[in-house]
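# Descriptive structure summary
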Amino acid sequence: MEVASIVGARPQFIKVKPVANAFNKIGTNHILVHTGQHYDYEMSKTFFDQLSIPEPAYNLGVGSHTQGKQTALMLQRIEHVLLEQRPTLVIVYGDTNSTLAGALAAVKLHIPVAHVEAGLRSHRLDMPEEVNRVLTDRISKFLFCPTETAMENLRREGIEEGSSMVGDVMYDVFLESQGLLNGSRLLFELNLIPKEYLLLTIHRAENSDDLNRLESILAALAETKQKVVFPMHPRTQNALIKTENLACKDNENFLCIKPVGYLDMLTLEKNAQKILTDSGGVQKEAYWFRVPCITLRDETEWVETVESGWNTLVGANKERIATVVASSSVSTSEVAQDTYGDGSAAERVINTLTTL
Ligand code: UD1
Ligand code: UDP
């Protein structure tokens, strides 16, 4: 078996890590193809360095464009690589434009596609990620689901063949990384006291491209007078540069920093009093750390985190954000221990693929 994994955006570097390790252990020929969707050091290379992920065999250097042009350039360049390499299987991860382009390029060359993190749904086709997920699931031969909810979503769409619940590959990496966190040094460098700051990430187009929503979120946090650590995704940083009067500008309670590496991010999450985010990965990590999460969206694909009480959906509503940030209690219930698997999702993926 010769396998090509297609990655391109920050969370995909994390997701591919345990899969690459598992292939490496059994000596399978596995190459990484990086589309170049993310390219800043803090958005890409730092993850390869810090997590010891093998160097990509190709970096297609696609970069930032409109949705259509970015996806089209990826499709064209991935096809070229697949024709050259002729892998027997292509693996794609998550729901970015790199995911859809990888799946589409492969399926049109009759190369079977495996989708890791299949079956997630927001049921909102105005999100580019939802389009990417629905289409990728439809053309994948193997669908590896991180949760039972994802399995159920596929069942409802009549996609049962090839689907299996393996758990979440991000949970594999999360568990493996716990011994590597260096809390005290980072907190010292940033002058932070554990549990005395809020951690904020924003990057969804629905928030960063809508100045009213962005202003509402930042104004709510400015009014809390709490310290807010804000590692800024470049999309959000670009939006902030363009505007004069957003509440975090010139506000000493906001610690606006560049995106941080994975281990630093986990350290910031673990020690935060609360996390505010529109990221999928960060919602789950907050839950795994049992740090209360406030999700700046109207819906989530990770419904278990909300059902457990650890995650609250607030959208971009200023009053609602302020109320939930101020609330001192979290009404939680234990969800099943194995909601996201047991830390061996990648092994299950590889076992399935290699016993065919
Ligand atoms: C993408 C994914 C999203 C995922 C996120 C992870 C799509 C449609 N969206 O969103 O699902 O949650 O990655 O972070 O695939 N930029 C830089 N440097 C970089 C990368 C991006 O400056 O290294 C800037 C560019 O101005 C670019 C903007 O960020 O236009 C958005 O980047 P893009 O990759 O298009 O989408 P993300 O918002 O990162
Ligand atoms: N992350 C990181 N540094 C940051 C912000 C996020 O390492 O400055 C990690 C985070 O811990 C999680 C992943 O990136 O593992 C989530 O990626 P992102 O929020 O970009 O995308 P999403 O999960 O929403 O697709």
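Scroll up to find the structure.
Reference entry: report on the structure contained in this document. As the structure is a prediction and not an experimental result, all values here were calculated from the model. (Residues numbered from 1 in each chain as written. Chains lettered and ligands numbered in written order. Predicted model: local features only at pLDDT ≥ 70, side-chain atom pairs only at ≥ 80, totals over all residues. Heavy atoms only, no water.)

### Section: the packing of aromatic side chains
What counts is decided by this rule: Working definition: a ring pair exists when centres of Phe, Tyr or Trp rings (six-membered ring for Trp) sit within 6.5 Å. Plane angles under 30 degrees give stacked, over 60 give edge-to-face, the rest tilted. We count a stretch as a helix when DSSP gives it H or I for four or more residues in a row; a strand needs E for two or more, and each element gets its number in order from the N terminus. Note on classification: 1.4 Å probe, protein chains only; a residue is buried when its accessible area is under 20% of the maximum for its type, exposed when over 50%, partly exposed between these limits. Our definition puts a charge over a ring when NZ of Lys or CZ of Arg is within 6 Å of the ring centre and also within 35 degrees of the ring normal.
Under the definition given, this model contains nine aromatic pairs. With a centroid separation of 6.4 Å and 40 degrees between ring planes, the pair formed by Phe13 and Phe47 is classed as tilted. With Phe13 in helix α1 (residues 10-26) and Phe47 in helix α2 (residues 45-50), this pair connects stretches of sequence that are 34 residues apart. Look at Phe47 and you get buried, because its relative accessible area is 2%. Between Trp302 and Tyr340, the ring centres sit 6.0 Å apart and the planes meet at 45 degrees, which makes this aromatic pair tilted. One end of the pair, Trp302, is in the loop between β12 (293-295) and α14 (303-307); the other, Tyr340, is in the loop between α15 (318-326) and α16 (345-354), and 38 residues separate them in sequence. Residue class for Trp302 comes out buried when judged on its relative accessible area of 3%. Here the aromatic residues Tyr171, Phe174, Tyr287, Trp288, Phe289, Trp302 and Tyr340 are joined through ring pairs into a cluster of three or more. In this structure, Lys284 packs its charged tip against the face of Trp302, placed 3.9 Å from the ring centre. Over the face of the ring belonging to Tyr287 we find Arg290, whose NZ or CZ atom lies 4.3 Å from the ring centre.

### Examining the site of ligand 2
Stated formally: We define proximity as follows: a residue is near a molecule or strand when any one of its heavy atoms falls within 4 Å of that partner. The term polar contact refers here to a pair of N or O atoms within 3.5 Å; inside protein, the definition further demands a hydrogen-donor-capable atom paired with an acceptor-capable atom, and it admits residues adjacent in sequence only when both atoms are side-chain atoms.
In the vicinity of ligand 2, 19 residues are found, and the nearest of them are Arg204, Val260, Ser279, Gly281 and Glu285. Taking Gly280, its main chain carries an N or O atom lying 2.9 Å from an oxygen atom of ligand 2. At a separation of 2.6 Å, an oxygen atom of ligand 2 approaches a polar side-chain atom of Glu285. Counting residues per element, the ones that place at least two in the shell around ligand 2 are α1, α12 (262-271) and α13 (280-289). Sorting elements by how many residues they give to the shell around ligand 2 places α13 first, with four residues.

### Re the side chain of Thr71
Note the threshold: Contact definition: two residues touch when any of their heavy atoms are within 4.5 Å.
Structurally, Thr71 is set in helix α3 (residues 67-85). In this structure the side chain of Thr71 is engaged in a polar contact, spanning 2.7 Å, whose partner is the backbone oxygen of Gln67. If sequence neighbours within four positions are ignored, Thr71 has contacts with Asn97, Leu100 and Ala101.

### A closer look at the pattern of salt bridges
Stated precisely, the cut-off is as follows: For this analysis, a salt bridge means a side-chain nitrogen from Lys or Arg found within 4 Å of a carboxyl oxygen belonging to Asp or Glu.
Per the stated rule, a full pass over the model turns up 25 salt bridges. One salt bridge in this structure joins Lys258 and Glu42, with 3.7 Å as the shortest N-O distance. Within this pair, whereas Lys258 is found in the loop between β10 (254-257) and α12, its partner Glu42 is found in the loop between β2 (29-34) and α2, the two being separated by 216 residues in sequence. On the basis of relative accessibility, which here comes to 56%, the residue Lys258 falls in the exposed class. Linking Glu299 and Arg297 is a salt bridge whose minimum nitrogen-to-oxygen distance equals 3.0 Å. Residue classification places Glu299 among the buried residues on the basis of a relative accessible area of 15%. Classification of Arg297 as buried rests on a relative accessible area of 0%.

### What to know about empty space enclosed by the protein
Where empty space is left becomes clear once a probe the size of a water molecule has been rolled over the atoms. Formally: A 1.4 Å probe that fits but cannot get out identifies a cavity on a 1 Å grid over protein atoms alone, an open set with protein on both sides within 12 Å along at least five of seven lines counts as a pocket, and a residue lines either if it has an atom within 4 Å of a point. Grid points are joined across faces, edges and corners, and a volume is the space filled by probe spheres set on the points. Side-chain classes are defined by residue name, with Ala, Val, Leu, Ile, Met, Phe, Trp, Tyr, Cys and Pro counting as nonpolar, Asp, Glu, Lys and Arg as charged, and the others, Gly among them, as polar.
Evaluated as defined, the whole model comprises two cavities of 30 Å³ or more. By volume, the largest cavity is sized at about 60 Å³. Lining of the largest cavity is provided by Glu2, Val3, Ala4, Asn29, Ile31, Gln85 and Pro87. Broken down by secondary-structure element, the contributors of at least two residues to the lining of the largest cavity are β1 (2-7) and β2. At three residues, β1 tops the list of elements feeding residues into the lining of the largest cavity. Taken together, the residues of the lining of the largest cavity break down into four nonpolar, two polar and one charged. Roughly 30 Å³ of internal volume is contained in the second largest cavity. The residue makeup of the lining of the second largest cavity, split by class, is six nonpolar, one polar and two charged.

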